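The primary structure of each chain is shown beneath.
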Amino acid sequence: MTTTTLAVLVPLLPFLGSVAGLLLGRTAPGYVRPLAVLPTAAAAVLAVVVAVRQGGGRAIDAATQLTPTGSVPIDLALYIDGFAALVAVLVGVVATCVQIYSTGYLRDDPRYPSYAALVSLFTSAMLLVVYSGDLMVLLVGWEIMGICSYFLVGHYWETPEARAASLKAFLVTKLGDVPFLIGLFALATDAGTFRITGVLGAVARGELDHPTVIALLLLAGVAGKSAQFPLHTWLPDAMAGPTPVSALIHAATMVAAGIYFTARLLPVFAASAAAMTVLAVMAAITMVGSALAALAQDDIKRVLAYSTIGQLGYMAGALAVGDRGSAVFHLLSHGAFKALLFLAAGTVIHAAGTNSLTAMSRMSGLAKRIPDAYWTMTVALLALAAIPPFAGFFSKEAVLVGAAPTALGARTERPPGAGGAAPTRTPAGPRAAVGWGGGAAGSGGAPEHTALGERTVAPAGAGWTVLVAGLLTAFLTAAYALRLWLRTFRGRGAEAPEHGRQPIAMTAVLWVLAIPSLGFGLTVTYLDDWFDGNALTPTVTTAVLGTGLAAAGAVITYAIWRTLAARTPAAAAAAQAPVPHVAHPDADPGLVEAEALRLPHPAQDPADPGRALLGPLHGPAADGFHLDAVYRKAFVRPVLAAASLVRFLDREVVDTYVRAAGTSAKGLGWLVRRAQTGNVQTYLSALLAGSVVLAIVAVALANAVAGA
């Protein structure tokens, strides 16, 4: 079977599994779990085979015309280079883990068949985005993910939080998708094609007439889909959905799509220095702001949600300095440890009966109740904090190394020379110049290699912005990662409730994901050809700075926690108000989570190191810096006021005319009805009287005419 055929099957199999699951969910429920797991697992295996055959070399490019349009054609096209092949593997593996985990997590959920089908459709849509070589086909997958997220986030629709979160996620992402769609059409108009290779070729030839406008329109969609400032507010609220859905959205599908799209079309964005500067500023604000917010959250899943926003900021920052390789490298490593963090958090919520860190900090023995989640979550948090040798260290360092040459004004883009020579490297750093191909320089990615010519990719200010924000975020990330670990597994008080042993489907998946979370970064020296042929190894300077700041953040957080804990004796902590939790020893984990959403969070914990670290910023950070309130005043209230005005005009003005027309017709009908008595003598009398009146009028008119 050809590689192209295998690539077509990768998104097709989960789609067929989704359709079959929906059709058989009620009539043959025994087939639902196999139809959820097996097609997704088969797609993951085929994605691995495609990646091995592609091998980081020449890109796979195949297309057939989908439909004649009369103007810009739309093709059913595949374009698979090195990083597309690896991202597809990530999507397949994480989706398979989520489907297996869900069989235990939602084992008694009556809506599991529709849930599993939507997860499969979600996976298929993301794989379509990854493999697509045509922007219109990519847009189909992009929008399918949006509607799937609406249904999955609102899975617990009985709770008002889930209903509001699903609607908010849909509306905020659509707010970005409108300019995104306009940008796609403008891009195709300038380039004369929707094919990605054709668009990149047009960039290389300088045929884009409005690069800044196009790039900024596309960035709006990227900000919405990948939860970047200022359209990031939907993602923390989306934690109202089931935890496996959170893992899928955060690790491998929806939020990754915006970063992937930007990486795929990076030459389009790099054609505008203004767009790259906007991207850098957006990434910096997102990184720092989300890390501060994560330090103040009490919901364990909201901490991880803000963490995702910050890590996506790292990827956007790498793209802002023109380093696509490090952005995709961090996307892959982050996908592994963030999926592990969310799935482990689901196990923690089931064991503790609550999603509140304050409530968990008043329990003891939680780590002993769930040793699998304890150890794997520890690995994932170390990767998140970028502690060597865990995966996050290498990928985050790659981002910082990529930003340094731009900050120093040394990064330029130079296409490979005749014969496919590798990209030249300036003395400013190991990645001061990079290529744009899908694999090694001079391989199959010629349009991407030559899209920029020999010129600066991003302003030096963008490099400094990303570098400084990245270092500050490294400090904050280690701080909130350790805070989460201490408050979850080092609580004091009553014993954690006994919920029985976790299903093997849940615990086995955690150890599978722990492997890449620990060891993926060690493959950094073997992946050069998959990431544009550029080295991704850390440098001494950035490694010392990044790791030193992360260590400082962890040490300071731990010292504050020990100090505050010493001031709050265990007896006093145990004497505080009872910890609210869901006590169902044999309950479905999904049911526990749904009920935990309704529980009030306990009063603030005086031993919370986040409060001490943030000081006066704690209140605003806990509320997301009041951005939701700003949006309500700036956008929601005016829209509602306009809707009220339209409703008033429709009811009091338009309806008045409509009612008047109806009343007039009704009154005329009443008069006519009064004349219809059914008495023949009355009719003859009226006819005679009318005839006499007409005769008199006729005589009067005749005399008047004769006299004139």
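Everything numeric here is computed off the predicted structure, so don't read it as measured data.

This paragraph deals with the overall build of the chain. A count of helical and extended segments in the chain gives 29 helices and seven strands. Considering only contacts in the chain between residues 6 or more positions apart, those separated by 24 or more positions represent 81%. Summed over all atoms, the accessible surface of the chain reaches about 27,100 Å², with 70% contributed by carbon and sulfur.

Inspection of the entire model under this criterion finds 16 aromatic pairs. When the ring of W142 is compared with that of F261, the centres are 5.8 Å apart and the planes differ by 65°; the resulting orientation is edge-to-face. Of this pair, W142 sits in helix α5 (residues 135-153) while F261 sits in helix α11 (residues 254-264); the two residues are 119 residues apart in sequence, bridging distant segments of the chain. By relative accessible area, which is 0% here, W142 ends up buried. The interplanar angle of 65° and the centroid separation of 5.0 Å between the aromatic rings of F180 and F261 together place this pair among those described as edge-to-face. Linking F180 in helix α6 (residues 160-191) with F261 in helix α11, this pair joins segments that are 81 residues apart in sequence. Of the two residues, F180 and F261, neither departs from the other in class, the shared state being buried. Following the ring pairs from residue to residue traces out a cluster consisting of Y374, W375, W485 and F489. The aromatic ring of Y112 is capped on one face by R33, whose charged end is 4.5 Å from the ring centroid.

To continue, consider unusual backbone geometry. For the bond from F229 to P230, the omega torsion is 5°, close enough to zero to count as cis. Position of P230 relative to the elements: it lies in the loop between α8 (211-225) and α9 (234-237). In this chain, P388 is followed by P389 through a cis amide linkage whose omega measures 5°. Structurally, P389 can be placed in the loop between α18 (371-384) and α19 (391-407). Positive phi outside glycine occurs at F625, with the angle close to 55°. Mapped onto the fold, F625 is located in the loop between α27 (618-622) and α28 (627-675). Under the relative-accessibility criterion, F625 is labelled partly exposed at 30%. The phi dihedral of H626 falls on the positive side, at around 60°, and the residue is not glycine. Looking at where H626 falls in the secondary structure, it is placed in the loop between α27 and α28. With a relative accessible area of 37%, H626 lands in the partly exposed category.

Let's shift gears to the environment of M360. Looking at where M360 falls in the secondary structure, it is placed in helix α16 (residues 357-361). Here the alpha-carbon distance between M360 and R487, two residues 127 residues apart in the chain, equals 6.4 Å. The contacts of M360, once residues within four sequence positions are left out, are I300, V348, A352, T354, N355, L366, R487, T488 and G491.

A word on the side chain of S364. Take S364: it is sitting in strand β3 (residues 363-364). With residues up to four places along the chain from it excluded, the contact list for S364 reads G491, G493, A494, E495 and A496.

Moving on, we come to the packing of α5 against α11. Packing of α5 against α11 leaves a shortest axis separation of 10 Å and a crossing angle of 155°. One way to sum up the angle between α5 and α11 is to call them roughly antiparallel. Where α5 crosses over α11, the handedness of that crossing is left-handed. Contact residues: L135, L138, W142, M145, G146 and S149 in α5; M254, A257, G258 and F261 in α11.

What follows deals with the pattern of salt bridges. Scanning the model with the defined rule gives 16 salt bridges in all. Salt-bridge contacts for D81 lead to R264; the nearest nitrogen and oxygen are separated by 3.1 Å. Within this pair, whereas D81 is found in the loop between β2 (74-80) and α3 (82-105), its partner R264 is found in helix α11, the two being separated by 183 residues in sequence. A residue is classified by how much of its surface remains accessible, and D81, at 0% relative accessible area, is buried. Close ionic contact of D608 with R483 constitutes a salt bridge, the shortest N to O distance being 2.8 Å. Within this pair, whereas D608 is found in the loop between α25 (589-596) and α26 (609-614), its partner R483 is found in helix α21 (residues 460-489), the two being separated by 125 residues in sequence. Of the two residues, D608 and R483, neither departs from the other in class, the shared state being buried. One continuous salt-bridge network, built from bridges that share partners, spans E143, K174, D177 and K225.

Running from amino to carboxyl end, α6 crosses α8 at an angle of 145°, the nearest separation of the two axes being 7 Å. Taken as a pair, α6 and α8 cross one another with a handedness that is left-handed. Contacts between α6 and α8 involve T173, G176, D177, P179, F180, I182, G183, L184, A186, L187 and D190 from the former and I214, L217, L218, A220, G221, G224 and K225 from the latter. When grouped by side-chain class, the residues that make up the contact of α6 with α8 number ten nonpolar, five polar and three charged.

Once that is clear, we can look at the side chain of D298. Mapped onto the fold, D298 is located in the loop between α13 (273-296) and α14 (300-320). Note on D298: relative accessible area 17%, which makes it buried. There is a polar contact of 2.6 Å between the side chain of D298 and the side chain of S356.

Before going further, it helps to examine the confidence of the model for the chain. With 87% of its residues at a pLDDT of at least 70, the chain reaches an overall mean of 85. Confidence drops under a pLDDT of 50 for residues 412-455, and excluding neighbours within four residues, the segment shows 130 contacts in the predicted structure.

Across the seven residues of β2, six count as buried, placing the element largely inside the fold. Alignment of strand β1 (residues 60-67) against β2, held across seven bridges, turns out to be antiparallel. Bridging across to β2, D61 finds its partner in Y79. Linking β1 back to β2 in an antiparallel pair, the connection comprises six residues, with G70 at a positive phi of about 85°.

A few words now on α28. Between its terminal C-alpha atoms α28 stretches 69 Å, which fits the 72 Å expected from 49 residues at 1.5 Å a residue. D655 marks where α28 bends most, by close to 40°.

A cluster of nonpolar side chains, V8, L12, F15, L16, V19, L23, L24 and Y31, forms an exposed patch at the surface whose accessible area comes to about 710 Å². Inspection of the secondary structure puts L16 in helix α1 (residues 3-24).

Thresholds, definitions, all that
- Residues numbered from 1 in each chain as written.
- Predicted model: local features only at pLDDT ≥ 70, side-chain atom pairs only at ≥ 80, totals over all residues.
- Heavy atoms only, no water.
- Helix = DSSP H or I, 4+ residues; strand = E, 2+ residues; numbered from the N terminus.
- Contact = heavy atoms within 4.5 Å.
- Areas by Shrake-Rupley, 256 points an atom, 1.4 Å probe, with all protein chains shown as cover.
- Phe/Tyr/Trp six-rings, centres within 6.5 Å; stacked < 30°, edge-to-face > 60°.
- Buried < 20%, exposed > 50% of the residue type's maximum accessible area, 1.4 Å probe, protein only.
- Lys NZ or Arg CZ within 6 Å of the ring centre and 35° of its normal.
- Axes fitted to C-alpha atoms, helices over the stretch in contact; angles between N-to-C directions.
- Parallel < 35°, antiparallel > 145°, perpendicular 65-115°, else oblique.
- Left-handed = near helix turned anticlockwise from the far one by under 90°.
- Salt bridge = Lys/Arg side-chain N within 4 Å of Asp/Glu carboxyl O.
- Nonpolar A, V, L, I, M, F, W, Y, C, P; charged D, E, K, R; others polar.
- Polar contact = N/O pair within 3.5 Å; in protein donor to acceptor, adjacent residues only side chain to side chain.
- pLDDT = per-residue confidence, 0-100.
- Pairing = 2+ DSSP bridges.
- Expected span 1.5 Å × (residues − 1).
- Bend = angle between axes of the 7 residues up to and from the residue.
- Patch = residues over 30% accessible without salt bridge, like charges linked within 9 Å, V, L, I, M, F, W, Y side chains within 5 Å.

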